[in-house]
Amino acid sequence: MAAAQPKPTAGTARRLARGCWSAFWDYETPKVIVVKNRRLGVVYRAVQLLILLYFVWYVFIVQKGYQDSETGPESSVITKVKGITSSEHKVWDVEEYVKPPEGGSVFSIITRIEVTRLQTLGTCPESMRVNNATCDSDEDCVAGQLDMLGNGVRTGRCVPYYHGASQTCEVSAWCPVEDGASVSQFLGKMAPNFTILIKNSIHYPKFQFSKGNIENRKDGYLKRCTFHEVSDLYCPIFKLGFIVEQAGENFTELAHTGGVIGVIINWDCDLDLSPLKCNPKYSFRRLDPKHIPASSGYNFRFAKYYKVNGSTARTLIKAYGIRIDVIVHGQMVDAPEQSAGPELCASKHSQQDPALMDPRGLAQL
């Protein structure tokens, strides 16, 4: 059996307490050893210099780590398109080829249409593009069958197609169906000369800083200018052809198939500098995947309804166009002591900026 452990006595506890109390008042200092070695000293000082250079040059100068920052400014975008064009049958103005007409940050300019006129509710041959629409007899058509990718409900009859010797199943739908009687019209002949005003104003609430992208002038400047990166940076009036060219696209090809172009406005500003140095930077690129045939291009459908001999009829329009997406982003940085409150920000940026938005300038447009 193991020997029994001795129990601590009151004397042992007192000695331990006295030892701790005595050690509490002891003074300790590390011992420093100086090594007389020039090679080791050079390495030591070089490491110190590298650390100092990292903080001074990279952290404070390159990365500006001393600054406060804010990303994602509050932004407002208003657009306006001007110009006229013509197709084989008519002249088109902006009220007809811009959808939607409200002038938001996303809008479409129609450049080609396929028109199916005088559609009425009735029965007619289904489109040959619909799966299993072709037939040889009525037995190939199931009455009441509804194809979600088709144009209507099948009646159970196999009827001759609109042209040629083929037959398709008859459907109850808006007739004639789109592929059977559509006429194509190209609107893009004069479209490269359309002008697009992109009015953008941004606000960084953290720094109480606001700015816009339109020159504040009263001499009719906006009526005669177009955007130029150097001489007319604050004239945000772009020709559609210029936007497509800057995105690296062929205008004629894009007008036929449709596509989505992004107009990116970047507001990267450093308030350690003058607010006059805070300028918009524009870039342009195609956003839809044009190299994927299944999803390239851009089109949409809409209809115009009217009465013919008391019956409802419509004109169906499949529109191909260039969709413009205006995207705004940016980052603002400033020294922390300067962004302590609205009063400091207001005093720092109180100078008049000729590029701030002036509603009176927009009245010229």
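Residues numbered from 1 in each chain as written. Predicted model: local features only at pLDDT ≥ 70, side-chain atom pairs only at ≥ 80, totals over all residues. Heavy atoms only, no water.

Considerations on the environment of Asn216
Topologically, Asn216 is positioned in the loop between β11 (209–212) and α5 (221–224). Sequence separation between Asn216 and Tyr234 is 18 residues; the distance between their C-alpha atoms is 8.8 Å. (Helix = DSSP H or I, 4+ residues; strand = E, 2+ residues; numbered from the N terminus.)

Focus: the state of the cysteines
Cysteine pairs can be covalently joined through their sulfur atoms, and such a bond is termed a disulfide. Applying the stated rule across the entire model yields five disulfides. Each sulfur of the disulfide joining Cys141 and Cys169 lies 2.0 Å from the other. Here Cys141 and Cys169 share a disulfide; its torsion about the S-S bond, -90°, makes the bridge left-handed. Taken together, the positions of Cys141 in the loop between β6 (106–125) and β7 (153–160) and Cys169 in strand β8 (residues 167–175) put the pair 28 residues apart, joining distant regions of the chain. You'll find Cys141 and Cys169 in the same group, each marked buried. Disulfide partner of Cys269: Cys278, at an S-S distance of 1.8 Å. Here Cys269 and Cys278 share a disulfide; its torsion about the S-S bond, 50°, makes the bridge right-handed. Accessibility classification places Cys269 together with Cys278 in one group, the buried group. Within the protein chain, bonded cysteines paired by disulfides and numbered along the sequence follow the pattern 1-6, 2-4, 3-5, 7-8, 9-10. (Disulfide = S-S within 2.5 Å. Buried < 20%, exposed > 50% of the residue type's maximum accessible area, 1.4 Å probe, protein only.)

Quick look at a negative patch on the surface
The grouping of Asp136, Asp138, Glu139 and Asp140 at the surface amounts to a negative patch. Counting through the fold element by element, Asp140 comes out in the loop between β6 and β7. Judged by its relative accessible area of 39%, Asp140 falls in the partly exposed class. (Patch = residues over 30% accessible without salt bridge, like charges linked within 9 Å, V, L, I, M, F, W, Y side chains within 5 Å. Areas by Shrake-Rupley, 256 points an atom, 1.4 Å probe, with all protein chains shown as cover. Salt bridge = Lys/Arg side-chain N within 4 Å of Asp/Glu carboxyl O. Lys, Arg positive; Asp, Glu negative; His and termini not counted. Charge placed at Lys NZ, Arg CZ, Asp CG, Glu CD.)

Focus: unusual backbone geometry
Residues Lys99 and Pro100 are joined by a peptide bond in cis, for which omega reads -15°. Residue placement: Pro100 occurs in the loop between β5 (98–99) and β6. At Leu118, a position not held by glycine, the phi torsion is positive, near 50°. Look at Leu118 and you get exposed, because its relative accessible area is 52%. A positive phi angle is found at Asn309, which is not glycine, with a value near 55°. Mapped onto the elements, Asn309 comes out in the loop between β15 (299–308) and β16 (311–334). Among the residues examined, Asn309 registers a relative accessible area of 81% and is labelled exposed.

A look at the pattern of salt bridges
According to the stated counting rule, one finds eleven salt bridges in the structure shown. Between Glu96 and Lys90 there is a salt bridge, with its nearest N and O atoms 2.5 Å apart. We note a salt bridge from Arg129 to Asp179, for which the minimum N-O separation is 3.6 Å. Remark: Asp179 occurs in helix α4 (residues 178–181) and Arg129 occurs in the loop between β6 and β7; sequence separation between them is 50 residues. Asp179 sits in the partly exposed class, given a relative accessible area of 23%. Residues joined in a network through salt bridges with shared partners are Glu249, Arg286, Asp288 and Lys290.

Looking at the packing of aromatic side chains
The full count for this structure, using the stated rule, is 13 aromatic pairs. Ring geometry for Trp21 and Trp25: centres 5.7 Å apart, planes at 80°, overall edge-to-face. Overall, Trp21 belongs to the exposed group, its relative accessible area being 57%. Trp25 gets classed as exposed once you look at its relative accessible area, which sits at 58%. Between the aromatic rings of Phe238 and Tyr282, the centroid separation amounts to 5.2 Å while the plane-to-plane angle is 65°, which identifies the pairing as edge-to-face. With Phe238 in strand β12 (residues 237–239) and Tyr282 in strand β14 (residues 281–286), this pair connects stretches of sequence that are 44 residues apart. The structure contains a cluster of three or more aromatic residues connected by ring pairs, namely Phe227, Phe238, Phe242, Tyr282 and Phe284. Arg217 extends its terminal NZ or CZ atom over the ring of Tyr221, reaching a point 4.1 Å from the ring centre. (Phe/Tyr/Trp six-rings, centres within 6.5 Å; stacked < 30°, edge-to-face > 60°. Lys NZ or Arg CZ within 6 Å of the ring centre and 35° of its normal.)

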